[in-house]
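# Descriptive analysis of the structure
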There are 2 protein chains.
Amino acid sequence: MRHSSFGRFEGKGFMKVSELGEFGLIEMIARRVGKAREPVVLGVGDDASLLQPSPGRQIATTTDMLVEGVHFTREHMPPQDLGFKSLAVNISDLAAMGAEPIQAFVSIGLPPDARVEDVDLFYSGVLDAAGPAMQISGGDTVSSPHGWIISVTLIGQVAAGKALRRDSARPGDTVFVSGPLGDSAAGLALILGKSIVKNRGTAEFLIHSHNRPQPQTAVGIALSSSGLSACAIDVSDGFLQDLGHICESSRVGAKIEAELIPISPQMVSAARENGVETLFWPLTGGEDYSLIFTVSRDNKRNMEELVVSEGLTAICRIGEIVEEEGIELSRGKKPYTLPRDGGYDHFRHE
Amino acid sequence: MRHSSFGRFEGKGFMKVSELGEFGLIEMIARRVGKAREPVVLGVGDDASLLQPSPGRQIATTTDMLVEGVHFTREHMPPQDLGFKSLAVNISDLAAMGAEPIQAFVSIGLPPDARVEDVDLFYSGVLDAAGPAMQISGGDTVSSPHGWIISVTLIGQVAAGKALRRDSARPGDTVFVSGPLGDSAAGLALILGKSIVKNRGTAEFLIHSHNRPQPQTAVGIALSSSGLSACAIDVSDGFLQDLGHICESSRVGAKIEAELIPISPQMVSAARENGVETLFWPLTGGEDYSLIFTVSRDNKRNMEELVVSEGLTAICRIGEIVEEEGIELSRGKKPYTLPRDGGYDHFRHE
């Protein structure tokens, strides 16, 4: 499969950011992001942006930094997907708190020979992910001698006291996941040439899952506003590691029935074609951006009603929170052993 | 003069971040920043932080990215000063809106061979700048193949409708500056070896002004809460360029009496020793982080009273806002011509 990516046209006529200059670049970006509208009082163009928070709400803030050569490569990531994903992973963090995203601050470090066209494509991806509800309210544009750097900070709102927190799981709670796991890791294996899939549609689906993850904002807001869940996390490091974060913060354990974990037929077929254990990508892969959340026994019935009324039909029950610490996996009632250690440690894996 | 700086001890026993690992590093930082307290409901350790805004207030947000080799060099910037300045320049942006700083989000990209000790010193500088009122509520720690990267986002609060905006200067307003200009640029010239100063105390004063700028938070809050000013900016790009931002946003011009611009005896003596025009650094240097602000005729008397009651005695009147666009400089009633174009354009000056 061919991917469009950074600097794919090798003509000499393309304008570089060094030719446009800092203020030209800022003007181009400001024109793209448009004027501030309610509840944002002041957007790009002053020393700070201004937001009028709604009564009874708390401000939720999250931030991420992405470095070329560490989190992405220009060969493998088209600039519009890079823009989309940079925002989407942060929207997902807000979804995992049950918060509605409002403002984005996007800072970008660019080598002097970066193409203006690629920067424009990057922002088109950012705006795709932002959708009509979110506003780009600021950021910084700087020079970077060695490749692209992106830093995104997102501000959202959640009803006071109703945020979904990692430390709120209780023994007896049911564990749910909001959508399929493993597609993103299967897509990454394809992108990196670690696996091959014959069917073009399957490959495209998996790569798209990796490059354009869909944050579960509707699920997060439904859970917090209904009060049916108090605890959630998004699957970024990998299912086992992220469920581990909930267990550690809440000082509980979990029993997971591995056969209940939702997986896509595309992921299953890619795993089979490449001799990969079916549950390897879903359990350890990460970057799925589905939500893991827990619901108390008292709310179980109401949860079922919410799934129907809100059309959240991708949600699956996968296990239970228990007192004893640690995560216990079973498959068909028998103990199941992990394929390998999950998660990615940015510094150790250098 | 000798400066302590990054990796100044060449022993082999110092621990590198690659040895500590990502989670070890996060734990070290989380211990340093401490637990969340009001009005922050949730700090480091979940998918997002939570802040309870005060009634009648707006949320002011600003962000900056700093890249090694572009905004600082490890040779010339001790890690504790880098931490201090990274936060201070953003606190200054909030001060320029009249906002009180509340939360900081500090993301850091580190090469695998960065020293844990330097990272610790960096955060000690961050905490010095934050002071007791601000809280470090989040951030990201990532690997960077080519040197340090810092991205800071700050959240503050300001009374609704009372923020100091660039677009609010009106003809007839008096222009003020909150403190001396040029010290930072004079310090930078010393650091880079572009100038030499015999007196050690003078050199230390100027270098300190560059490395540890003091944000004018008290001035900014006094101006917004009293309602005596509606328009301010902090001097980051250079006085002429920043005053130019006010003029463009407000569609006005300014007449500045250059001899009224506050300058320190240390800066004057450094300029003389090096054959630099006395007003060159103050007018074009930048990174002073004093505030330029305007006060309407009706408020002039009350402004004088505020200066006395709040002890804001470093504030100087330096000119007037006029209808005709452009900045007109005079010195001793005669027209004065700029020494050279001010401001620093990140991409063009590569």
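Residues numbered from 1 in each chain as written. Chains lettered and ligands numbered in written order. Predicted model: local features only at pLDDT ≥ 70, side-chain atom pairs only at ≥ 80, totals over all residues. Heavy atoms only, no water.

Once that is clear, we can look at the sheet that holds strand β8 (residues 174-177) of chain B. Residues and elements named next belong to chain B. Across the sheet, seven strands lie side by side as β9-β11-β8-β12-β10-β13-β14; this open sheet has mixed pairing. A single partner strand is all that each edge strand has here, and the edge strands are β9 (229-234) and β14 (334-335). Alignment of β8 against strand β11 (residues 291-295), held across four bridges, turns out to be antiparallel. Residue pairing in the sheet places V177 in a bridge with I292 of β11. The strands touched by helix α8 (residues 239-250) within the sheet are β9, β10 (253-257), β11, β12 (316-322) and β13 (326-331), with β9 carrying the most contacts at an inclination of about 145 degrees. (Pairing = 2+ DSSP bridges. Helix = DSSP H or I, 4+ residues; strand = E, 2+ residues; numbered from the N terminus. Contact = heavy atoms within 4.5 Å. Axes fitted to C-alpha atoms, helices over the stretch in contact; angles between N-to-C directions.)

Residues and elements named next belong to chain B. Note on placement: Q157 falls in strand β7 (residues 149-159). From its side chain, Q157 meets the backbone nitrogen of S54 in a polar contact 2.9 Å long. Excluding anything up to four places from it in sequence, Q157 contacts P53, S54, R57, Q58, I59, A99, E100 and I102. (Polar contact = N/O pair within 3.5 Å; in protein donor to acceptor, adjacent residues only side chain to side chain.)

With that settled, consider the nonpolar core. All names here are of chain B. Counting residues in each nonpolar core, the largest one holds 41 residues, and the members touching the most others are L87, V106, F122 and W148. Residue assignment for this core shows that the elements contributing at least two residues are α1 (17-20), α2 (22-33), β3 (57-67), α3 (79-95), β4 (100-110), α4 (116-130) and β7. Tallying contributions element by element places α4 first for this core, with seven residues. (Core = buried A, V, L, I, M, F, W, Y, C linked by side-chain atoms within 4.5 Å. Buried < 20%, exposed > 50% of the residue type's maximum accessible area, 1.4 Å probe, protein only.)

On to the domain arrangement of chain A. Residues and elements named next belong to chain A. Taken domain by domain, chain A comprises domain 1 (18-159) and domain 2 (166-335). Look at where the C-alpha atoms of domain 1 and domain 2 centre, and you get two points 27 Å apart. Across the contact, 21 residues belong to domain 1 and 19 residues belong to domain 2. Taken over both partners, the interface formed by domain 1 and domain 2 buries close to 1,600 Å², and the fraction arising from carbon and sulfur atoms is 57%. The largest share of the area that domain 1 buries against domain 2 comes from H76, F84 and K85, three residues that together contribute 31% of it. Where domain 1 touches domain 2, the interface holds three salt bridges. In this structure, E287 engages K85 in a salt bridge whose closest nitrogen and oxygen atoms are separated by 2.7 Å. Where domain 1 touches domain 2, the interface holds nine residue pairs in polar contact (both at pLDDT 80 or more). (Domains from an automatic or database assignment. Buried area = accessible area lost by both parts, 1.4 Å probe. Salt bridge = Lys/Arg side-chain N within 4 Å of Asp/Glu carboxyl O.)

Residues and elements named next belong to chain A. Within the secondary structure, G182 is located in the loop between β8 (174-177) and α4 (183-191). Between the C-alpha atoms of G182 and H210, which are 28 residues apart in sequence, the distance is 9.6 Å. If we ignore the near neighbours within four places in the chain, the residues touching G182 are M267, W281, P282 and D288.

Before going further, it helps to examine the sheet that holds β8 of chain A. Neighbouring strands of a sheet are bound in pairs by backbone hydrogen bonds; such pairs are parallel or else antiparallel. All names here are of chain A. An order of β9-β11-β8-β12-β10-β13-β14 is seen for the seven strands of this open sheet, with the pairing classed as mixed. Edge positions in the open sheet fall to β9 (229-234) and β14 (334-335), since each of these has one partner strand only. Helix α7 (residues 239-250) rests against β9, β10 (253-257), β11 (291-295), β12 (316-322) and β13 (326-331) of the sheet, and its axis sits at about 145 degrees to β9.

This part covers the relation of the copies chain B and chain A. Overlay of chain B on chain A (RMSD 0.0 Å): rotation 180 degrees, translation along the axis 0.0 Å. The superposition of one copy onto the other is thereby described by a two-fold rotation axis. When the interface residues of chain B are mapped onto chain A, 100% of them again lie at the interface, so the same face is used by both copies. (Least-squares fit on C-alpha atoms with pLDDT ≥ 70 in both.)

This next bit is on the pattern of salt bridges. This model, assessed by the stated rule, comprises 28 salt bridges over all chains. The shortest N-O distance in the salt bridge between R200 of chain A and E204 of chain A comes to 3.2 Å. Taken together, the residues span about one helical turn, with R200 of chain A and E204 of chain A both in helix α5 (residues 200-211) at a distance of four residues. On the accessibility criterion, E204 of chain A (35% relative accessible area) is partly exposed. Taken together, the shared-partner salt bridges in this structure form one network comprising D46 and D47 of chain A together with R166 of chain B.

Quick look at the interface of chain B and chain A now. Residue-level contacts link 74 residues of chain B with 74 residues of chain A. Taking both partners together, chain B and chain A bury about 5,700 Å²; carbon and sulfur atoms supply 60% of that area. A salt bridge links D46 of chain A to R166 of chain B; its shortest N-O distance comes to 3.6 Å. For the pair chain B and chain A, the interface holds 16 residue pairs in polar contact (both at pLDDT 80 or more). Broken down by element, the side of chain B that touches chain A gets its largest block of residues, 10 residues, from β3 of chain B. Looking at side-chain class alone, the side of chain B that touches chain A contains 35 nonpolar, 23 polar and 16 charged residues. Where strand β3 (residues 57-67) of chain A and strand β2 (residues 49-51) of chain B come together, three bridges link them in antiparallel fashion. When the sheet's bridge partners are listed, T61 of chain A is paired in β2 of chain B with S49 of chain B. (Nonpolar A, V, L, I, M, F, W, Y, C, P; charged D, E, K, R; others polar.)

All names here are of chain A. Where helix α6 (residues 217-226) contacts helix α10 (residues 300-310), the two axes come as close as 12 Å, and the packing angle between them is 135 degrees. Relative to α10, the element α6 lies oblique. The way α6 lies across α10 gives a crossing that is right-handed. Touching A222, L223 and S226 of α6 are M303, L306 and E310, all from α10. Taken together, the residues of the contact of α6 with α10 break down into four nonpolar, one polar and one charged. (Parallel < 35°, antiparallel > 145°, perpendicular 65-115°, else oblique. Left-handed = near helix turned anticlockwise from the far one by under 90°.)

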